[in-house]
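Here's the letter readout for the chains.
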Amino acid sequence: GTGAVTWAQNFGGSGAYARGEALAVDGSGNPYLGGTFQTANLTTPALTKIGNADAFLLYLDASNANLASLALSAGTLAPSFASGTTSYTAGVANATASITVTPTVAEPGATVTVNGTTVTSGSPSGAIALAVGANPVSVVVTAPDGVTTKTYTVTVTRAASSNADLSNLSLSAGALTPSFAAGTTAYTLSVPNATTSTTVTPTVADATASVTVNGTA
């Protein structure tokens, strides 16, 4: 016959042999596949061989848009991952400028995106840049039916920098003694009697830091 393929699933890992021998669909449109496998354990789905040739019956919930797991390259999910929980938080140090997210779908045939970009189930996303503060990350699973979706959200908070150093300190009159160094906090300055004022120009080492001179920002 002719027509478009609406669903297909690869079974097995390296060296595995699997053969589907019967396909049926229930009243809700969920497919059941029966067959045999041998030579090696199957990895997708996970099946362990008992003898030289084993039978399997696979049920695919075409509307299952759950994740089986969700992992971050840095930080810890709170609460711990559960497929029915869709909102999480995680904190990372200021030194962590980006993370990757690894979502694994619960149902073979489902697809997943991270921040709108398709990701292979069980593989890390591309690097996601983190600004200081809260960074929402959206993970959307589309079930094998191509219609049902589920959105998981992780809000990753990057801590503010603890760098309170200056990268430079200059004055409109005179020269600092000793010469400026970020680790040196005390200086002297000599100016002629005719100099009645000076301006101070501090430059912070971290762009997100703030600075005051004699209490004025």
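This text goes with the structure placed above it.
In this report, the structure presented in the accompanying data block is examined.

Details of the overall build of the protein chain
- Looking only at helices and strands, one finds zero helices and 16 strands in the protein chain.
- Relative to its full complement of 217 residues, the protein chain shows a buried share of 25%.
- Looking at the protein chain alone, contacts between residues at least 24 apart form 55% of all its contacts between residues at least 6 apart.
- Element-wise, carbon and sulfur atoms account for 52% of the exposed surface of the protein chain, whose accessible area totals about 12600 Å².

A few points about the nonpolar core
- Formed by 25 residues in total, the largest nonpolar core has its most connected members in Leu67, Ile99, Val101, Val139, Val141 and Val154.
- Within the residue set of this core, elements represented by two or more residues are β6 (67-72), β7 (87-92), β9 (101-105), β10 (111-114), β13 (133-142) and β14 (149-158).
- Apart from the residues lying within four places of it in its own chain, the contact partners of Val101 are Leu70, Ala71, Leu72, Val114, Ser123, Pro124, Ser125, Ile128, Val137 and Val139.

A short note on the packing of aromatic side chains
- Applying the stated criterion across every chain, the model contains three aromatic pairs.
- Ring geometry for Phe81 and Tyr88: centres 5.9 Å apart, planes at 25 degrees, overall stacked.
- A residue is classified by how much of its surface remains accessible, and Phe81, at 24% relative accessible area, is partly exposed.
- Their ring planes at 20 degrees and their centres at 6.1 Å tell us that Phe180 and Tyr187 sit as a pair that is stacked.
- Judged by relative accessible area, Tyr187 falls into the partly exposed class, the value being 21%.
- A network of ring pairs unites the aromatic residues Phe81, Tyr88 and Tyr152 as a single cluster.

Considerations on the side chain of Ser125
- Among the secondary structure elements, Ser125 is positioned in the loop between β11 (117-119) and β12 (128-129).
- Taking relative accessible area as the criterion, Ser125 reaches 10% and is therefore assigned buried.
- Sequence-distant contacts of Ser125, that is, excluding residues within four places in its chain, are made with Thr100, Val101, Val114 and Val119.

Focus on the sheet that holds β10
- Taken in spatial order, the five strands of this open sheet run β7-β14-β13-β10-β11, and their pairing is mixed. Strand pairing shows two members of the sheet lacking a second neighbour, β7 and β11, which therefore form its edges. Ignoring which end each strand starts from, the neighbouring axes of this sheet average 30 degrees apart.
- Relative to β14, β13 is paired through 10 bridges, and the arrangement is antiparallel. In the strand pairing of β14, Ser138 is matched with Thr153.

Definitions and limits used
- Counting of residues starts from 1 at the beginning of each chain's written sequence and follows it residue by residue.
- Confidence filtering applies because this is a predicted model: local features only for residues at pLDDT of at least 70, side-chain atom pairs given and counted only at 80 or more, and all residues used for totals across whole chains, interfaces and linings.
- Neither water nor hydrogens contribute to the side-chain values; these are computed over all heavy atoms in the structure.
- Put simply, DSSP marks the helices as runs of H or I at least four residues long and the strands as runs of E at least two long, and each gets a number from the N terminus on.
- Buried means the residue's accessible area, taken with a 1.4 Å probe over protein chains only, is under 20% of the maximum for its type, while exposed means over 50%, and partly exposed covers the values in between.
- The contact rule is simple, with two residues in contact once any of their heavy atoms fall within 4.5 Å.
- All accessible areas in this document rest on Shrake-Rupley with a 1.4 Å probe, and a residue is counted as covered only by the protein chains that are shown.
- Note on terminology: a nonpolar core comprises buried Ala, Val, Leu, Ile, Met, Phe, Trp, Tyr and Cys residues joined through side-chain atoms within 4.5 Å.
- Planes of paired rings set the category: under 30 degrees apart is stacked, over 60 is edge-to-face and the rest tilted, where pairs are Phe, Tyr or Trp rings (Trp by its six-membered ring) whose centres lie within 6.5 Å.
- A strand pair is defined by DSSP finding two or more bridges across the two strands.
- Think of each axis as a best-fit line through the C-alpha atoms, taken over the contacting stretch in the case of a helix, with angles from 0 to 180 degrees between the N-to-C directions.

Bear in mind that shape data such as this cannot, by itself, settle questions of function.
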